[in-house]
Amino acid sequence: MLTLGIETSCDETAAAVYHNTDGLLSNALYSQIELHKHFGGVVPELASRSQLEKIAPIVETALTQARLTLKDIDNIAVTHTPGLPGSLLVGTCFAKTLAWAKQKKLIGVNHLEGHVFSSFIENKVPFDHICLTASGGHTSLYLVTGYGSYTLLGETLDDAAGEAFDKIAKLMHLPYPGGPVIEKLAQEAHFQDYYHYPRGKPHSLAFSFSGLKTAILYDLIKRKAYDLSTKTFLARNDHELQIKVASSLLVCVADIFEHKLAHALSLYPQVKAITFVGGVACNTYITQRLKTFAQKQNISFFHPSRAYCTDNGAMIAFVGNYKAQQGIFSDLLLDIR
Ligand code: KG4
Ligand code: ZN
């Protein structure tokens, strides 16, 4: 059985083909990072226009890479929630039209379920496990008990972790996306905790990153590196300050993740593994910290390769594949949310 997965929830146009026994056959992607860089974040209207241009060629590329044609495909899985409405509409309408015209089974997939199961593309992950998903739009902890079976344990009350990296980078006049830039700077400072920013409440499974952003802003003001009235970063040439902020921020976020995971493990002692997924899981320092933490707890740790951490079609095709095996399909009334 062959499932085509389509992902257009934000600024990536992605498609992939998954075979129920042979696994992933192709994974094609068009990233809009260059398009939005100039604005310091994703511009929804530009994102959906670009999705519209790229969706057909990306689906064709995924089929060609897999040496298949649309005729061979059994199911079309598509992200229909959550995401930017315009972007979601492009993928969902495209998938519905193809499914109707070519008589394929349609499967609506939740983008977050895609991330939660993204570590299965390359690994056999045991149940039950805890999944920490951290991206530009979401930061959540799940207890995962089976394919399609997962419970939200806690999520961010305000900004997502990746969003915090992006906003703090912007504060210091650094380019978008902030995560990779912050990581590079922190490397230079050898991941030392210079400024020890607040970690929040360790005995809650909810996250909050907006307070961290404000704490850093006030710290920069105190150091005369930021002028609040003109919203200007005054220390553009102070490389040492930038690397110290980046380094302290990264250590702080890794500590927060570790505290939350420790609390979750104390509540769910049956857990056999931790998975770390989403765009922030591209971060080598945080991943290494969480791996070491899991080792100390005597449980396994899994995180996907970079291509499956950031938004991708493979995770949508993977979820579509197990939903098809479970007989869970959508009809043409499938709508975006
Ligand atoms: O999963 P993703 O590609 O898109 C969303 O669904 O949001 O995640 C993008 C986020 C951005 O906020 C970006 O700054 C962050 O992931 N990110 C990183 C790194 N690479 C990307 N954060 C920390 N360290 C990185 N190396
Ligand atoms: Zn995502």
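Residues numbered from 1 in each chain as written. Chains lettered and ligands numbered in written order. Predicted model: local features only at pLDDT ≥ 70, side-chain atom pairs only at ≥ 80, totals over all residues. Heavy atoms only, no water.

Draft legend 1. View of the site of ligand 1. Around ligand 1 sit 21 residues, and of these Gly136, Asp166, Glu183, Gly279 and Asn283 come closest. Within the backbone of glycine 279, an N or O atom sits 3.1 Å from an oxygen atom of ligand 1. Contact between ligand 1 and aspartate 311: an oxygen atom at 3.2 Å from a side-chain N or O atom of the residue. Here ligand 1 loses 90% of its free accessible area of 550 Å² to cover by the protein chains. (Near = heavy atom within 4 Å. Polar contact = N/O pair within 3.5 Å; in protein donor to acceptor, adjacent residues only side chain to side chain. Areas by Shrake-Rupley, 256 points an atom, 1.4 Å probe, with all protein chains shown as cover.)

Draft legend 2. Structural detail: helix H8 (residues 239–267). Its 29 residues give H8 an end-to-end C-alpha distance of 43 Å, which sits within 8% of 42 Å, the value for a rise of 1.5 Å per residue. Across the 29 residues of H8, 21 count as buried, placing the element largely inside the fold. (Helix = DSSP H or I, 4+ residues; strand = E, 2+ residues; numbered from the N terminus. Expected span 1.5 Å × (residues − 1). Buried < 20%, exposed > 50% of the residue type's maximum accessible area, 1.4 Å probe, protein only.)

Draft legend 3. Representation of the nonpolar core. Judged by nonpolar contacts, the single largest core of 61 residues is most densely connected at Ile130, Leu141, Phe209, Leu220, Phe257, Phe276 and Ile286. Breaking this core down by element, the ones donating at least two residues are strand S6 (129–134), strand S7 (139–146), helix H5 (161–171), helix H6 (178–188), helix H7 (210–222), H8, strand S11 (273–277) and helix H9 (284–296). Top element by residues in this core is H8. It accounts for 15 residues. Val125, Val144, Phe318 and Val319 belong to the second largest nonpolar core, which has 26 residues in total. (Core = buried A, V, L, I, M, F, W, Y, C linked by side-chain atoms within 4.5 Å.)

Draft legend 4. Summary view of the coordination of the zinc ion (ligand 2). In the first shell of the zinc ion (ligand 2), the protein supplies His111 (NE2), His115 (NE2) and Asp311 (OD), at 2.1 to 2.2 Å from the metal. In terms of primary sequence, the donors binding the zinc ion (ligand 2) are separated according to H-x3-H-x195-D. With histidine 111 and histidine 115 both in helix H4 (residues 111–116) and four residues apart, this pair spans about one turn of that helix. The burial state of histidine 111 is the same as that of histidine 115; both residues are buried. (Donors = N, O, S within 2.8 Å, 3.2 Å for Na, K, Ca; no water.)

Draft legend 5. Spatial organisation of the packing of H5 against H8. Orientation of H5 relative to H8, taken along the N-to-C sense of each, is 165°, at an axis distance of 12 Å. It follows that H5 is roughly antiparallel to H8 by the angle criterion. Viewed along their axes, H5 and H8 form a crossing whose handedness is right-handed. Here Ala161, Phe165 and Ile168 of H5 come into contact with H8, specifically with Leu249, Leu250, Val253 and Phe257. (Axes fitted to C-alpha atoms, helices over the stretch in contact; angles between N-to-C directions. Parallel < 35°, antiparallel > 145°, perpendicular 65-115°, else oblique. Left-handed = near helix turned anticlockwise from the far one by under 90°. Contact = heavy atoms within 4.5 Å.)

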